[in-house]
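# Coordinate inspection notes
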Amino acid sequence: MATAAGLFADVLGQERAVALLEASLRSRRLAPAYLLSGPDGVGRRLAALRFLEGVIAGPEGSVPLRRRLEAGNHPDLLWVEPTHLDKGQLVPASQALERGVSRRSPPQLRLEQIRELTRFLARRPVEAAGCLVVLDGAEAMAEAAANALLKTLEEPGRGMVLLICSAPEQLLSTIRSRCQQIRFGRLDSDSMARVLAAAPAPSCPDPPELLELAAGSPGALLAHRQQWQGLPEGLVDRLQALPAGTDPVVALSLARDLTEALDAEQQLWLLQWWQLVLWRHRPSAAAVNRLERLRRQLLAYVQPRLAWEVALLELAGLVT
């Protein structure tokens, strides 16, 4: 057993959000829907798990229950995340890489998932007072899914829905109005250091750009670190060594290797990193804008190798 403060002890740097969640637990005046909004990687998912623990077990929490919730092993909890459509099957975004699913198009929360959510909320709970649903990545809802969710929120019954969202402005205003909003902010440097101290140490020092890209989000830093460590050896050096007047064969060879070694998500991440590097070390609005155009082309399903070839040739000053 632990106190209410102990329940959220590992949610660092989010005192205001934690205070609001604790107040709901202490008073037992629980809203039918909560919107946990803020940047990715700052503790929203962890806070949602701890809050659900308090909803089921009371403000003192329960260690065995915590383990079950973290393992996704509770009969009254449904955790829903955006999916990719692959060969007629919905594949959760968290499983896409492992299952070899193309990640060219962004994952979505789909109408079928909201219908499943609605059926789950209507069933009789097994252990908790009501069924509980977490809608992770709520900003990824398709229009039909958002309309269906609105109808569910209008008549939630005894259940509870937690929306985790990094861009609440993208939600329907009527959805936001039916939720108690709990805002999460970016972490200060001390909280960042405490969170990262508990994470596995990187195999090599982080380049300074990763911390800048993370912008106060330890979760984002860990994700950027994973992307960085997944790059093929030597690829970054070849990008940075692309000066004006480069042999066109070198630029074309680099475009080929980039598109063969990296999937769409990795290419988009590398572009984000390279834009920052160029701006910090060789400030050039033209170069950064050219990479932004390349990003839009990749998102618009332009043939990746061709898009990279033209961009690298232009950046090397070989074509205009």
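Residues numbered from 1 in each chain as written. Predicted model: local features only at pLDDT ≥ 70, side-chain atom pairs only at ≥ 80, totals over all residues. Heavy atoms only, no water.

### As for unusual backbone geometry
What counts, and what does not: Accessibility here uses a 1.4 Å probe with only protein chains present; expressed as a share of the type maximum, an area under 20% marks a residue as buried, one over 50% as exposed, and anything in between as partly exposed. Only DSSP runs of H or I with at least four residues qualify as helices, and only runs of E with at least two residues qualify as strands; both kinds are numbered from the N terminus onward.
In this structure, K87 is a non-glycine residue whose phi angle is positive, near 55 degrees. Classification of K87 as exposed rests on a relative accessible area of 79%. Phi is positive for A215, which is not a glycine, with a value near 50 degrees. Topologically, A215 is positioned in the loop between α9 (208–214) and α10 (218–229).

### Some details on the layout of surface pockets
Stated precisely, the cut-off is as follows: A 1.4 Å probe that fits into a set of points on a 1 Å grid over the protein atoms alone but cannot get out defines a cavity; an open set with protein on both sides within 12 Å along at least five of seven lines defines a pocket, and lining residues are those with an atom within 4 Å of a point. Grid points are joined across faces, edges and corners, and a volume is the space filled by probe spheres set on the points. The residue classification treats Ala, Val, Leu, Ile, Met, Phe, Trp, Tyr, Cys and Pro as nonpolar and Asp, Glu, Lys and Arg as charged. All others, Gly included, are polar.
For the second largest pocket, the calculated volume is near 160 Å³. Its residues assigned to classes, the lining of the second largest pocket comprises 9 nonpolar, 2 polar and 2 charged.

### Focus on the sheet that holds strand β2 (residues 77–80)
Stated precisely, the cut-off is as follows: Strand pairing is assigned whenever DSSP identifies at least 2 bridges connecting the two strands. Helix axes are fitted only over the stretch in contact, all axes being lines through C-alpha atoms; the angle between N-to-C directions runs from 0 to 180 degrees.
Strands sit in the order β2-β5-β6-β1-β7 across an open sheet of 5 strands; the sheet is parallel. In the strand order of this sheet, the two ends are held by β2 and β7 (180–183), each with one partner. Here the strands of the sheet are splayed against their neighbours by 15 degrees on average, with no regard to which way each runs. When β2 meets strand β5 (residues 132–136), the two strands line up parallel, connected through 4 bridges.

### Things to note about the pairing of β5
A large share of β5 lies buried, amounting to 5 of its 5 residues. The alternating pattern of β5 places L132, V134 and D136 and V133 and L135 on opposite faces, both of which are buried. The sheet contact formed by β5 and strand β6 (residues 160–165) spans 5 bridges and is parallel. Pairing of L135 across the sheet is with L163, part of β6.

### A short note on the packing of aromatic side chains
In plain terms, the rule: The aromatic pairing rule takes the rings of Phe, Tyr and Trp, using the six-membered ring of Trp, and pairs them if the centres are within 6.5 Å, calling planes under 30 degrees apart stacked, those over 60 edge-to-face and the rest tilted.
All told, the structure shown has 2 aromatic pairs when counted by the stated rule. The interplanar angle of 70 degrees and the centroid separation of 5.0 Å between the aromatic rings of Y34 and F51 together place this pair among those described as edge-to-face. Of the two residues, Y34 sits in strand β1 (residues 33–37) while F51 sits in helix α3 (residues 44–57), which places them 17 residues apart along the sequence. Each member of the pair, Y34 as well as F51, carries the same accessibility label: buried. Considering the side-chain rings of W228 and W273, the 5.3 Å spacing of their centres and the 50 degrees angle between planes classify their relative orientation as tilted. Of this pair, W228 sits in helix α10 while W273 sits in helix α13 (residues 264–281), placing them 45 residues apart in sequence. Residue classification places W273 among the buried positions, given a relative accessible area of 2%.

### What to know about the pattern of salt bridges
Note the following rule: One side-chain nitrogen of Lys or Arg within 4 Å of one carboxyl oxygen of Asp or Glu is enough to make a salt bridge.
Using the criterion set out here, one finds 17 salt bridges in the structure. For E70, the salt bridge identified is with R50, shortest N-O distance 2.8 Å. With E70 in helix α4 (residues 63–70) and R50 in helix α3, the pair connects residues that are 20 residues apart, well separated along the chain. Classification of R50 as buried rests on a relative accessible area of 3%. One salt bridge in this structure joins R68 and E127, with 3.0 Å as the shortest N-O distance. Of this pair, R68 sits in helix α4 while E127 sits in the loop between α5 (111–122) and β5, and the two are 59 residues apart along the sequence. Counted as one network, the salt bridges with shared partners bring together D10, R50 and E70.

### Re helix α2 (residues 15–27)
What counts, and what does not: Any helix carries an expected span of 1.5 Å times its number of residues minus one.
Compared with the 18 Å implied by 1.5 Å per residue over 13 residues, the 18 Å span of α2 between its first and last C-alpha is a close match. Directly after α2, the chain includes R28, whose backbone phi takes a positive value near 60 degrees.

### Comments concerning the packing of α10 against α13
The test is simple: Angular relationships are summarised with four words: roughly parallel below 35 degrees, roughly antiparallel beyond 145, roughly perpendicular across 65 to 115, and oblique for the angles in between. Working rule for contacts: check all heavy atoms of both residues, and any pair within 4.5 Å makes them a contact.
Contact geometry for α10 and α13: axes closest at 11 Å, N-to-C directions at 105 degrees. Considering the angle they form, α10 stands roughly perpendicular to α13. Facing α10, whose interface residues are H224, Q227 and W228, α13 presents E265, Q266, W269, Q272 and W273. Taken together, the residues of the contact of α10 with α13 break down into 3 nonpolar, 4 polar and 1 charged.

### Remarks on helix α6 (residues 143–154)
For α6, spanning 12 residues, the distance from its first C-alpha to its last is 17 Å, which sits close to the expected 16 Å at 1.5 Å a residue. Each element contacted by the buried residues of α6 is listed here: β1, α5, β5, β6 and α7 (173–177).

### Digging into the nonpolar core
Threshold: Among the buried residues, those of types Ala, Val, Leu, Ile, Met, Phe, Trp, Tyr and Cys that are joined through side-chain atoms within 4.5 Å form a nonpolar core.
Of all hydrophobic cores here, the largest spans 62 residues; its most connected members are F51, L258, W273, W274, W308 and L312. Once residues within four sequence positions are removed from consideration, L312 is found in contact with L239, L242, A251, L254, A255, L258 and W274.

### Digging into the pairing of strand β4 (residues 89–92)
Pairing analysis gives 4 bridges linking strand β3 (residues 83–86) to β4, with the strands arranged antiparallel. Directly across from T83, in β4, lies its bridge partner P92. Between β3 and the antiparallel strand that follows it, β4, lie 2 residues; K87 among them carries a positive phi value of about 55 degrees.

### As for the environment of A47
Following the sequence through the fold, A47 ends up in helix α3. Since its relative accessible area comes to 0%, A47 is described here as buried. On a C-alpha basis, the gap between A47 and Q226 in space is 23 Å, while along the polypeptide they are 179 residues apart. Those residues in contact with A47 that lie beyond four places of it in its chain are F8, V11, L21 and F184.

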